Amino acid sequence: SKATLYEAGIRSPLVVWAPGLMEKDTQGSRNVESLFSAMDLVPTLLKISGVNKPDGVTFDGQSLPDVLLGKSKQSRKDPLFFRRPPDRRHFRDYRDLPDLAVREGKWKFYCDFDGSRAELYDLDADASEKTNIAAKHPDEVKRFTDAVIQWNKEMPQDNSAKLTAPPAPKKKSGKKAKK
């Protein structure tokens, strides 16, 4: 499932080894609650190392040093947005995979580029994303649809929409076939 936007495709473990920086009681512990993204690593490591970011540089990630060092189980505050890789509309046994996704707190939301085919999951109650509860939460669906479509508009274009579009009908040549 690693080629999909579903949790099995994007959730990954992170092992932190930081001799001299982690408290003894946190060494060897596990944190399965925090939402932490790879883009959070650079600002977090800069903070831990005491290095200032270069002037004029901004990061999409958030600095979460206490999470990385085992002192906190907080999560990033901003939502995480995802876009399906352009060539992955269908992958192995998966068909018609969603185009966009957003993860915020306990919520995971999916839809297509036009906002259709909404899926909403409460990951606290349904970590394996078995029960789509979009119909029960129309306000959340609207909020996430608007946010993920706006985010996608702000991203550089890829060829996902072109690869997702149905094939154009073949033109008739206008010539009659020979008998």
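Residues numbered from 1 in each chain as written. Predicted model: local features only at pLDDT ≥ 70, side-chain atom pairs only at ≥ 80, totals over all residues. Heavy atoms only, no water.

Trainee: I'd like to hear about the nonpolar core, residue by residue, with values.
Mentor: Counting twelve residues, the largest nonpolar core is built from Leu 100, Val 102, Trp 107, Phe 109, Cys 111, Leu 120, Ile 133, Ala 134, Val 141, Phe 144, Val 148 and Trp 151. The set of elements that each furnish at least two residues to this core consists of β2 (100-104), β3 (107-111) and α4 (138-154). Broken down by element, this core gets its largest block of residues, four residues, from α4. With near-sequence residues (within four places) excluded, Cys 111 lies in contact with Pro 98, Asp 99, Leu 100, Ser 116, Arg 117, Ala 118 and Val 148. Of all hydrophobic cores here, the second largest spans ten residues; its members include Leu 35, Leu 97, Tyr 121 and Leu 123. (Core = buried A, V, L, I, M, F, W, Y, C linked by side-chain atoms within 4.5 Å. Buried < 20%, exposed > 50% of the residue type's maximum accessible area, 1.4 Å probe, protein only. Helix = DSSP H or I, 4+ residues; strand = E, 2+ residues; numbered from the N terminus. Contact = heavy atoms within 4.5 Å.)

Trainee: Tell me what's going on with the pairing of β2, and back it up with residues and numbers.
Mentor: Among the five residues in β2, four count as buried, and that is most of the element. Note that strand β1 (residues 80-83) and β2 share four bridges and pair antiparallel. Note that in β2 the partner of Phe 81 across the bridge is Val 102. Of the strand pairs in this sheet, β2 and β3 are connected by five bridges, and their pairing is antiparallel. Bridged to Arg 103 within β3 is Lys 108. (Pairing = 2+ DSSP bridges.)

Trainee: Could you give an account of unusual backbone geometry, with specific residues and numbers?
Mentor: For Arg 117, which is not glycine, the phi dihedral falls at a positive 55 degrees. Mapped onto the elements of the fold, Arg 117 is located in the loop between β3 and β4 (119-122). In this structure, Glu 129 is a non-glycine residue whose phi angle is positive, near 55 degrees. Positionally, Glu 129 belongs in the loop between β4 and α4. You can call Glu 129 buried: its relative accessible area is 10%.

Trainee: I'd love a proper account of the layout of surface pockets, names of residues and values included.
Mentor: Each pocket or cavity is described by its volume, and for the largest pocket that value is around 1200 Å³. Along the walls of the largest pocket sit 35 residues, with Ser 12, Leu 14, Asn 31, Ser 34 and Phe 36 positioned nearest its centre. Looking at the lining of the largest pocket, the elements that each hand over two or more residues are α1 (7-10), α3 (65-68) and β1. (1 Å grid on protein atoms, 1.4 Å probe; cavity = no way out; pocket = protein on both sides within 12 Å on 5 of 7 lines; lining within 4 Å. Points joined across faces, edges and corners; volume = space filled by probe spheres on them.)

Trainee: I'd love a proper account of α4, names of residues and values included.
Mentor: The end-to-end C-alpha distance of α4, which contains 17 residues, comes to 24 Å, matching closely the 24 Å that a straight helix rising 1.5 Å per residue would cover. Listing the buried residues of α4 in full gives Val 141, Phe 144, Thr 145, Val 148, Trp 151 and Asn 152. All buried residues of α4 lie within an arc of 140 degrees about the axis, which places them on one face of the element. Relative to its buried face, α4 has exposed residues pointing more than 90 degrees away, namely Asp 139, Lys 142, Lys 153 and Glu 154. Looking at the packing, one finds that the buried side of α4 touches β1, β2, β3 and β4. (Expected span 1.5 Å × (residues − 1). Arc of directions from axis to C-beta.)

Trainee: Just give me the short version of the packing of aromatic side chains, but keep the residues and values in it.
Mentor: Counted according to the given criterion, the structure contains four aromatic pairs. For the pair Tyr 6 and Tyr 110, a centre-to-centre distance of 4.6 Å together with 40 degrees between the ring planes defines the contact as tilted. Pair noted here: Tyr 6 is in the segment before α1 and Tyr 110 is in strand β3, with a separation of 104 residues, a long-range link. Across the pair, Tyr 110 and Tyr 6 agree in class, each one buried. (Phe/Tyr/Trp six-rings, centres within 6.5 Å; stacked < 30°, edge-to-face > 60°.)

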